[in-house]
Amino acid sequence: MGDSFALAPCAAACYGPSMADDAFLDLVRRRTSCRTYDPKPVPRHLLERVLEAARWAPSACNRQPWRFAVVQEEHVRARLVDEAFLAGIPMRWAQDAGAMIVLGMEKSAITHRIAPMISGVDYPLLDLGIAGEHLVLEAEALGLGACWIGWIRPKVVRRLVGWPGSVDPVAVITVGWPAPGSRRTRPRMELDQLAKWI
Ligand SMILES: Cc1cc2nc3c(=O)[nH]c(=O)nc-3n(C[C@H](O)[C@H](O)[C@H](O)COP(=O)(O)O)c2cc1C
């Protein structure tokens, strides 16, 4: 696959101006999970921007099942690390991130029970994944670092952030200022191992 993609003229006309050159693909390729932070607070307006990116994610039936708990208080971040992360993967680094954003799933009858029974596809979980990655990419665009944390105890997370039983925590995303040298690029499988063209 080539490195640059030109937007077809009709797409440019229909959808308006595109991002400059390969700006989006560059952003996606540049992003890595950040696990070393400078423990400075992240200003609220930047956290609002990452949430704004998540809010505009697509979702099955436009149900928007995502909920967010933005944890900035140091003692709550410490309790999340100490009590709500599962053992086995060292994740104390997470405490240095200025914010932890908990992604929660609001249960609703149609997408949670009826649609998956028919198709076998977990739509709300897909929706949460899309919203979470919008958030992570906007963090990267703002010069922040982020890391998904799925190795959690959902019930403990729910108690610590004070959500009702109707919201299931599915992941925590750390958002903070990357410390120098924190970027480690992990390999990816080649496209020909992944994609079948028919
Ligand atoms: C759903 C999900 C859950 C993850 N959970 C954890 C986690 O609990 N702890 C952790 O350190 N990294 C976690 N990660 C980060 C992955 O390890 C990381 O994305 C992967 O190794 C690729 O590296 P990169 O993000 O730097 O490209 C998670 C990523 C995703 C998408």
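Only a predicted model underlies this, so the values are computations on that prediction, with no experimental measurement involved.

Each value, and the rule that gives it
- Residues numbered from 1 in each chain as written.
- Predicted model: local features only at pLDDT ≥ 70, side-chain atom pairs only at ≥ 80, totals over all residues.
- Core = buried A, V, L, I, M, F, W, Y, C linked by C-beta atoms within 7 Å.
- Buried ≥ 20, exposed ≤ 12 C-beta atoms within 10 Å, placed from the backbone.
- Helix = DSSP H or I, 4+ residues; strand = E, 2+ residues; numbered from the N terminus.
- Contact = placed C-beta atoms within 7 Å.
- Near = placed C-beta within 6 Å.
- Nonpolar A, V, L, I, M, F, W, Y, C, P; charged D, E, K, R; others polar.
- Axes fitted to C-alpha atoms, helices over the stretch in contact; angles between N-to-C directions.
- Parallel < 35°, antiparallel > 145°, perpendicular 65-115°, else oblique.
- Left-handed = near helix turned anticlockwise from the far one by under 90°.

(A) Region of the structure containing the nonpolar core. By size, the foremost hydrophobic cluster in this structure holds 37 residues, and its most contacted members are M100, V102, I173 and V175. Among the secondary structure elements, those contributing two or more residues to this core are α3 (44–55), β2 (66–71), α4 (74–84), β3 (99–106), α6 (123–141), β4 (145–149), α7 (154–161) and β5 (167–178). The contact partners of V175, leaving out residues within four places of it in the chain, are V42, L47, V50, A97, G98, A99, I101, A139, L144 and A146.

(B) Spotlight on the site of the ligand. Close contacts around the ligand come from T32, S33, I89, M91, C147, W148, I149, G150, W151, A171 and R186, and that covers them all. Considering each element in turn, the shell around the ligand owes the most residues, three residues, to β4. In terms of residue class, the shell around the ligand is built from seven nonpolar, three polar and one charged.

(C) Just unusual backbone geometry, in detail. If you check the backbone angles, C61 has positive phi at about 60° while not being a glycine. You can call C61 exposed: it has 12 C-beta atoms within 10 Å. Even without being a glycine, N62 presents a positive backbone phi close to 50°. Among the structural elements, N62 can be located in the loop between α3 and β2.

(D) Quick peek at the environment of R67. By the secondary structure assignment, R67 is in strand β2. The class of R67 is partly exposed, set by 19 C-beta atoms lying within 10 Å. Separated by 64 residues in the primary sequence, R67 and A131 place their C-alpha atoms 9.9 Å from one another. Among residues more than four places away in sequence, those in contact with R67 are G104, E106 and V167.

(E) Seen up close, the packing of helix α2 (residues 23–30) against α6. In contact at an axis separation of 10 Å, α2 and α6 are set at 100° when each is read in the N-to-C sense. Accordingly, the angle class assigned to the pair α2 and α6 is roughly perpendicular. Each of L27, V28 and R30 in α2 lies in contact with α6, whose residues at this interface are L137, E140 and A141. Looking at the contact of α2 with α6 residue by residue, the class counts come to four nonpolar, no polar and two charged.

(F) Summary view of the packing of α3 against α6. The N-to-C vectors of α3 and α6 enclose an angle of 140°; their axes lie 7 Å apart at closest approach. The pairing of α3 with α6 is recorded here as oblique in orientation. Taken as a pair, α3 and α6 cross one another with a handedness that is right-handed. Of the residues in α6, those touching α3 at R49, V50, L51, A53 and A54 are A131, G132, H134, L135, L137, E138 and A139. Its residues assigned to classes, the contact of α3 with α6 comprises eight nonpolar, two polar and two charged.

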